[in-house]
Amino acid sequence: SSPSRTRGREERAPNLLLAQGRLAPPQPGGSGEMAMNPQAVSQLLEEMENWDKDKRFMAASDLMQEVTNSNQVLDLHLQKRVCQAFLKQLEDQSIDVQGNAVKCLAKIVSKFQEQQIGEVLAKLSQLVLDGKAEVRDIYATCLKGLLAELPTSSSALACQNVLPKMLHGITSHPLVEVKEECTDVFHDFLKRFGDNRVMQWSDQENMANSLLNLLKPKQYKSSLRKKVISCIGALSAVLADRQLDSLMRTLLTDVRAASSKAEKQKYIQCIGTVSRNVGFRIGSHLREIAPLFLQIVNQATEGDVSMDGENEQDHEVVENCLNAFESFVLRCSKEVAPHLDELCNVILTLIAYDPNFYDSGDGGDAMDEGAHDEFDDDGLVDSDDDDNSWKVRRAALKVLAAMVKGLPDKLQDVYSTFASPLIGRFSEREESVKLDVFMTFAEMVQNAVIKNQTQVTGTTAQAQVAGTGILEVARLPPPKERPAAEYLVAVLPQCVAQINKQLRSKAVKTRQGALALLRTLAECVPQHLEPLLAQVKDELIRAMKETNSGMRLDALVCIRHLSDNFSSATVYQQLAPQFCPLFLHCCNDTYYKSIAQALRAIGSHVYAFRPPPPDGSTPLLEVFPAFEGL
């Protein structure tokens with residue numbers, strides 16, 4: 001046939017298909033985009049079966065764009081063909097084609113009619129149960145992606161087509177791999193549609209028991225156990241109060257009856273996950289949970305222990321208990337109050353819990369001076385790879401940080417107990433835990449003050465000093481201190497001395513963490529840090545010369561905050577010959593943030609050079625009228 005006839009058929013085809021009902025009419029209020037070409041859709045469907053994997057990939061992407069960008073809706077017949085083509089690509093030999101099909105199918109199906117959405121959900125759910133084993137994870141990933149893309153209005157469809165099959169896989173399917181994929185999908189379903197009425201009418205207690213039964217067999221993989229615990233946490237968020245109480249009673253019974261430390265660990269971990277999901281609703285159970293967990297922690301850490309397999313599991317059990325306490329403190333502060341004193345004593349012990357380290361008793365200073373010799377090139381101490389007691393110290397620090405954030409009425413007690421011991425932990429031998437020590441102390445500093453101060457008004461800024469005619473530069477006051485701040489101020493000299501030692505460390509991350517803490521001190525308590533500035537000036541100078549841009553920024557910001565709140569101009573005037581050339585050097589930096597902070601530091605630092613109005617020189621007073629004229 002001639003080219004003109006071919007073009008004519010192509011031009012008439014959309015109208016013919018529209019008349020036949022194969023292409024739905026444009027929707028009212030359309031965006032004005034080009035109408036979908038059914039012939040193009042058919043051609044793309046054919047190319048999705050091409051022998052060339054690149055063409056299959058591109059055809060799928062183009063079809064997805066065609067469907068999602070069009071202002072028309074495909075008729076049901078074409079919708080089925082499109083869905084079948086993408087479902088077939090999920091079994092493609094090319095991993096790239098499979099992954100692309102997963103992404104495209106989720107975006108396309110959400111644009112289709114509810115009947116087709118339900119069919120695709122049911123088909124994918126069934127394939128997760130009895131599809132090919134080698135692509136089962138692909139089916140599960142595609143189903144999770146589709147659940148994430150569906151609108152809230154489709155929750156009933158998801159409950160009807162996904163929920164029964166996933167529960168069947170969890171409870172009745174003989175293969176552990178299928179149970180794992182069903183648990184993973186069920187978790188995503190609960191996160192997306194857990195508040196649907198169908199879930200409220202379902203037998204929630206049996207759902208919880210089915211998941212708990214997956215925790216009991218010891219032969220199941222740890223990956224399945226982790227997914228089950230996450231799924232129980234997601235389910236607990238939508239459980240009614242009666243079912244939640246039943247779940248918590250069951251978990252507490254399982255903890256008490258656990259025959260091994262590994263078994264006890266998974267139930268403790270489960271309780272912590274439930275707490276993070278249900279929040280204050282777990283508070284009524286703390287009168288049983290808190291004493292039990294404190295007893296477990298004390299038994300696992302009391303006395304000197306040797307590092308063997310049993311103690312390794314003890315440390316993980318303690319870590320899970322402390323992670324649960326972190327959640328309790330943040331979400332149930334009222335209910336945890338009766339146990340706070342005992343918890344503080346435990347945390348005070350555990351932030352320094354290091355059974356593999358023995359202090360020679362030669363004095364802290366001597367140890368600190370020689371400590372760097374024990375570090376390797378990465379700044380980490382040479383220790384047994386099997387020593388995981390650092391997990392206990394890290395978890396204890398997280399509980400302490402939770403106390404600072406979640407118990408504002410107890411700050412004075414917390415600060416008086418922990419301020420000095422925490423500074424002593426700046427010499428922590430595990431670098432990752434040392435950084436947590438810095439961050440926890442920074443959290444204490446930030447919560448000791450109130451930063452929201454009123455802005456300087458124009459009237460205040462233009463206030464003249466009587467009898468001189470010289471304008472005094474008005475400044476914001478430093479952050480207002482809470483009563484608990486007095487405990488931090490008392491230990492600030494000890495803190496700065498330890499920070500100075502850490503700033504001389506060979507480990508870059510340690511120096512960065514120490515400098516970040518110094519910056520926090522400058523932001524929150526500048527008036528108390530100023531008298532100690534001379535102790536850290538050499539390290540600030542070194543930081544401004546660093547190639548690491550983050551350290552340069554922290555040093556500049558630190559100096560700017562101190563200069564903004566100066567009380568003794570002499571301190572800054574004496575440091576000017578060393579600081580000012582470095583400010584100018586940073587202004588020539590290639591990194592724009594360094595330039596900006598250097599300019600701000602100069603702008604703040606220069607006010608300390610200005611003599612107070614009573615000391616204004618006679619020439620300055622003589623030329624003042626000229627400035628008024630200008």
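Residues numbered from 1 in each chain as written. Predicted model: local features only at pLDDT ≥ 70, side-chain atom pairs only at ≥ 80, totals over all residues. Heavy atoms only, no water.

Some remarks on helix α4 (residues 76-89)
(1) Moving on: For α4, with 14 residues, the first-to-last C-alpha span of 20 Å sits near the 20 Å given by 1.5 Å per residue.
(2) Moving on: Looking only at α4, the buried set comprises L78, Q79, V82, C83, A85, F86, L87 and Q89.
(3) Moving on: Of the surrounding secondary structure, the elements contacted by the buried residues of α4 are α2 (38-47), α3 (53-69), α5 (95-109) and α6 (114-130). (Helix = DSSP H or I, 4+ residues; strand = E, 2+ residues; numbered from the N terminus. Expected span 1.5 Å × (residues − 1). Buried < 20%, exposed > 50% of the residue type's maximum accessible area, 1.4 Å probe, protein only. Contact = heavy atoms within 4.5 Å.)

Some points on the packing of aromatic side chains
(1) Moving on: All told, the structure shown has ten aromatic pairs when counted by the stated rule.
(2) Moving on: Ring centres of F186 and F189 lie 6.4 Å apart, and the angle between their planes is 20°; this geometry places the pair in the stacked category. Residue F186 and its partner F189 are both found in helix α10 (residues 176-193); the two are separated by three residues, about one turn of the helix.
(3) Moving on: Overall, the relative accessible area of 1% leaves F186 in the buried class.
(4) Moving on: The exposure class of F189 is buried, given its relative accessible area of 1%.
(5) Moving on: Ring geometry for F293 and F325: centres 6.3 Å apart, planes at 80°, overall edge-to-face. Of this pair, F293 sits in helix α16 (residues 286-301) while F325 is found in helix α17 (residues 309-331), placing the two residues 32 residues apart along the sequence.
(6) Moving on: Accessibility expressed as a relative area gives 0% for F293, which makes it buried.
(7) Moving on: Three or more aromatic residues link up through ring pairs in this structure, and these residues are F186, F189 and F193. (Phe/Tyr/Trp six-rings, centres within 6.5 Å; stacked < 30°, edge-to-face > 60°.)

Details of the pattern of salt bridges
(1) Moving on: Within this structure, the stated rule accounts for 25 salt bridges.
(2) Moving on: With its nearest N and O atoms 3.4 Å apart, the salt bridge here joins E180 to K221. Taken together, the residues E180 in helix α10 and K221 in the loop between α12 (204-215) and α13 (222-236) connect sequence positions 41 residues apart.
(3) Moving on: A salt bridge links D354 to R393, with the nearest nitrogen and oxygen atoms 3.5 Å apart. Of this pair, D354 sits in the loop between α19 (340-350) and α20 (364-371) while R393 is found in helix α21 (residues 390-406), placing the two residues 39 residues apart along the sequence.
(4) Moving on: Because the salt bridges share partners, they merge into one network encompassing K144, E180, D184, K221 and K227. (Salt bridge = Lys/Arg side-chain N within 4 Å of Asp/Glu carboxyl O.)

So, the side chain of N388
(1) Moving on: You can see N388 is positioned in the loop between α20 and α21.
(2) Moving on: At 2.7 Å, the side chain of N388 forms a polar contact with the side chain of H315. (Polar contact = N/O pair within 3.5 Å; in protein donor to acceptor, adjacent residues only side chain to side chain.)

Examining the packing of α5 against helix α7 (residues 136-149)
(1) Moving on: Following both chains from N to C, one finds α5 and α7 inclined at 30°, their axes separated by 8 Å at the closest point. Taken together, the axes of α5 and α7 lie roughly parallel to each other. The way α5 lies across α7 gives a crossing that is right-handed. On the side of α5, the interface is formed by Q98, V102, L105, A106, K107 and V109, while α7 contributes I138, T141, C142, G145, L146 and E149.
(2) Moving on: Across the contact of α5 with α7, the residue classes tally to seven nonpolar, three polar and two charged. (Axes fitted to C-alpha atoms, helices over the stretch in contact; angles between N-to-C directions. Parallel < 35°, antiparallel > 145°, perpendicular 65-115°, else oblique. Left-handed = near helix turned anticlockwise from the far one by under 90°. Nonpolar A, V, L, I, M, F, W, Y, C, P; charged D, E, K, R; others polar.)

Focus on the environment of I602
(1) Moving on: Of note, I602 is situated in helix α32 (residues 592-605).
(2) Moving on: In the structure, I602 is positioned 19 residues away from F583 in sequence and 6.7 Å away in space, judged by C-alpha atoms.
(3) Moving on: Those residues within four positions of I602 in sequence are excluded, and the remaining contacts are F583, L584 and C587.

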